[in-house]
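# Results of the structural survey
The lines below spell out each chain.
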Amino acid sequence: MNKKIHLSILNRAALERMDKNDLIQLLLDEKTIRRDFECRAPDSAAYLYHKTKYGQMIHGDSLSYLREQTEKSVDLVVTSPPFGLVRKKDYGNVDAHEYCNWFRPFAKEIRRILKDSGSFVVDIGGAWKKGQPTRSLYHFELLIMLCEEYGFHLAQEFYWWNPAKLPSPAEWVTIRRIRVKDAINTVWWLSATPWPKASNKRVLQPYSDSMKGLLKNGYQSKKRPSGHDISNNFSRNNGAAIPPNLIALPNTESNGQYQRYCKEQGLSPHPARFPSVLPEYFIRMLTDSGDHIIDPFGGSCVTGEVCERLARNWSCVELEEEYLKAAMGRFISPSERFSVPCKTSDSGTFYKLSKPDSLWFKAEDETLDCDGGKTRRLLPKVESTILEQ
Ligand SMILES: C[S@@+](CC[C@H](N)C(=O)[O-])C[C@H]1O[C@@H](n2cnc3c(N)ncnc32)[C@H](O)[C@@H]1O
């Protein structure tokens, strides 16, 4: 038997067919692999780079930093780690197939330092397999590993929809037209126990126009086809709506001061920043002022900037000093930076997403390619009205 086979890729039937001794050996190997990864030495020590009123930027491998933290001392770990991509970014992503093992030592430490009421929120994008129009399962494998091996609970899965995402990968989406735009990241909200502290009242949203109409004109209570009894309670105006687990948020934030600072200092802005609203959503929903928050893959310290504004204690750890140099731009003139943004109107509050059947009035003018698009063909031009989406 090939001892290098990984347990997680064998299905039940394959396991049942295996010789007992081979199976024992495989389990032992698996344990060794897991132990070896969990025990890996950090790439570098972590030291204080900059201190602010509420937080600190740490330079070095976050594994060193996490290992120094006291057990059950942290309220929230919110982060966007390097994704398991096929096409690598500047800061060195990990291959999708090695991803879970790479993540193991971080998972162990994050689980250890979280308070029982604490949460771990991880924003993680999917990836395409190399050279074929199918998706890697690495971010689902990560979720399963975190829950089944490290004892996290899946409090809720969120989907971050980026309405401004360009169609990609071009080969599958715009050239062969056999896949649709990949425009969501999964955001796993995990917790140390089934009861993390949380309140959806912190992230309420304005009512939509149709809901405002219902509230104004009243709602006739009746049973829905699903059997749910929609009672009059739904026509009570609570001032705001409970949001769904879909976060609509473009990643086009101009980051005024950060980008200005990078330009002035001749520094490159971080190439994969998340919009500040994303960590802010979870920081607001899951923590109180004075709580302790860590971003172990800090990048440009977006998380730190939000925490500073919301008076949470924070640490952002980043391996590359260049990114910390640039992140300093977020903390240099606090009076300008840390005033709470004031919103004056509802304009720009909603994103429109068309119903899937909006253009289904036309006859299908082409039959599908039976080879699933394997052969690259020049497709006939599609009417411009349909392309303008
Ligand atoms: C996706 S980026 C995070 C970007 C960040 N959320 C932002 O908005 O600026 C991931 C970051 O993790 C950093 N990184 C990777 N491995 C690390 C480690 N072991 N310790 C600390 N930082 C690490 C990378 O250098 C990269 O900047």
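Since we're looking at a predicted model, the values are computed, not measured. (Residues numbered from 1 in each chain as written. Predicted model: local features only at pLDDT ≥ 70, side-chain atom pairs only at ≥ 80, totals over all residues.)

Position of Arg-202 relative to the elements: it lies in the loop between β6 (184–191) and α7 (209–217). Arg-202 gets classed as partly exposed once you count the C-beta atoms within 10 Å, which come to 14. Measuring from C-alpha to C-alpha, the distance between Arg-202 and Arg-284 comes to 6.0 Å, with 82 residues separating the pair along the chain. Filtering out sequence-adjacent residues up to four positions away, Arg-202 remains in contact with Arg-284 and Met-285. (Helix = DSSP H or I, 4+ residues; strand = E, 2+ residues; numbered from the N terminus. Buried ≥ 20, exposed ≤ 12 C-beta atoms within 10 Å, placed from the backbone. Contact = placed C-beta atoms within 7 Å.)

Okay, the packing of helix α4 (residues 99–113) against helix α5 (residues 138–150) next. It is the contact of α4 with α5, at a shortest axis distance of 10 Å, that shows an interaxial angle of 40°. Taken together, the axis directions place α4 and α5 in an arrangement best described as oblique. The crossing of α4 and α5 is right-handed. When α4 is examined against α5, the residues Tyr-99, Cys-100, Phe-103, Ala-107, Lys-108 and Arg-111 are found in contact with a partner set consisting of Tyr-138, Glu-141, Leu-142, Met-145, Leu-146 and Tyr-150. Residues of the contact of α4 with α5, tallied by class, amount to 9 nonpolar, no polar and 3 charged. (Axes fitted to C-alpha atoms, helices over the stretch in contact; angles between N-to-C directions. Parallel < 35°, antiparallel > 145°, perpendicular 65-115°, else oblique. Left-handed = near helix turned anticlockwise from the far one by under 90°. Nonpolar A, V, L, I, M, F, W, Y, C, P; charged D, E, K, R; others polar.)

Around the ligand, 20 residues are found, and the nearest of them are Ser-62, Arg-273, Phe-297, Gly-299 and Ser-300. Put simply, the parts of the chain that give the shell around the ligand at least two residues each are α3 (62–68) and β11 (313–318). Tallied by class, residues from the shell around the ligand come to 11 nonpolar, 5 polar and 4 charged. (Near = placed C-beta within 6 Å.)

Cis rather than trans, the peptide bond between Ser-168 and Pro-169 has omega equal to 0°. Mapped onto the elements of the fold, Pro-169 is located in the loop between β5 (153–161) and α6 (170–175). Positive phi values are uncommon outside glycine, yet Lys-72 reaches one of about 50°. By the C-beta count within 10 Å, which is 13 here, Lys-72 ends up partly exposed. Of note in this structure, Cys-301 is not a glycine but carries a positive phi near 65°. Judged by the 31 C-beta atoms lying within 10 Å of it, Cys-301 falls in the buried class.

For the protein, per-residue confidence averages 86 on the pLDDT scale, and residues scoring 70 or more make up 84% of the total. Here residues 384–389 is modelled with pLDDT under 50, and outside its nearest four sequence neighbours on either side it reaches 2 contacts, counting other chains as well. (pLDDT = per-residue confidence, 0-100.)

The next thing to look at is α7. Here α7 lies mainly on the outside; 0 of its 9 residues are buried. After α7 finishes, the residue Gly-218 shows a positive phi value of roughly 85°.

A separate point is the sheet that holds β6. An order of β1-β2-β11-β10-β3-β4-β6-β5-β9 is seen for the 9 strands of this open sheet, with the pairing classed as mixed. Among the strands making up the open sheet, the edge pair consists of β1 (47–51) and β9 (246–248). Within this sheet the neighbouring strands show an average axis-to-axis angle of 20°, counted without direction. Sheet topology places β1 next to strand β2 (residues 55–59); 4 bridges connect them, and they run antiparallel. Residue pairing across strands places Tyr-47 opposite His-59, the latter belonging to β2. Most of the contacts of α4 go to strand β4 (residues 114–124), to which it runs at about 145°, and overall it touches β3 (74–79) and β4. On top of the sheet, helix α10 (residues 302–309) reaches β2, β3, β10 (292–295) and β11; it is set at about 170° to β11, its chief contact. (Pairing = 2+ DSSP bridges.)

So, about the pairing of β3. Taking burial as the measure, the 6 residues of β3 include 6 buried ones, the bulk of the element. Relative to β4, β3 is paired through 5 bridges, and the arrangement is parallel. By the bridge assignment for β4, Thr-79 is matched with Val-122. Pairing between β3 and β10: 2 bridges, direction parallel. Note that in β10 the partner of Leu-76 across the bridge is Ile-293.

A few words now on the packing of helix α2 (residues 20–38) against α4. The N-to-C vectors of α2 and α4 enclose an angle of 65°; their axes lie 8 Å apart at closest approach. With respect to α4, the element α2 is oriented roughly perpendicular. The chirality of how α2 crosses α4 is right-handed. Contact residues: α2 offers Arg-34, Phe-37 and Glu-38, while α4 offers Asn-101, Arg-104, Pro-105 and Lys-108. Looking at the contact of α2 with α4, its residues break down into 2 nonpolar, 1 polar and 4 charged.

The next thing to look at is the pairing of β11. The buried fraction of β11 is high, at 5 of 6 residues. Here β10 pairs with β11 via 4 bridges, running parallel. Within the sheet, the bridge partner assigned to His-292 lies in β11 and is Asn-313.

Below, the discussion takes up the environment of Pro-163. For Pro-163, the location among the structural elements is in the loop between β5 and α6. By C-beta crowding, Pro-163 is classed as partly exposed, having 13 other C-beta atoms within 10 Å. Sequence spacing of Pro-163 and Pro-250 is 87 residues, and the spatial spacing of their C-alpha atoms is 5.4 Å. Other than its neighbours up to four places away in sequence, Pro-163 contacts Ala-248, Pro-250 and Tyr-351.

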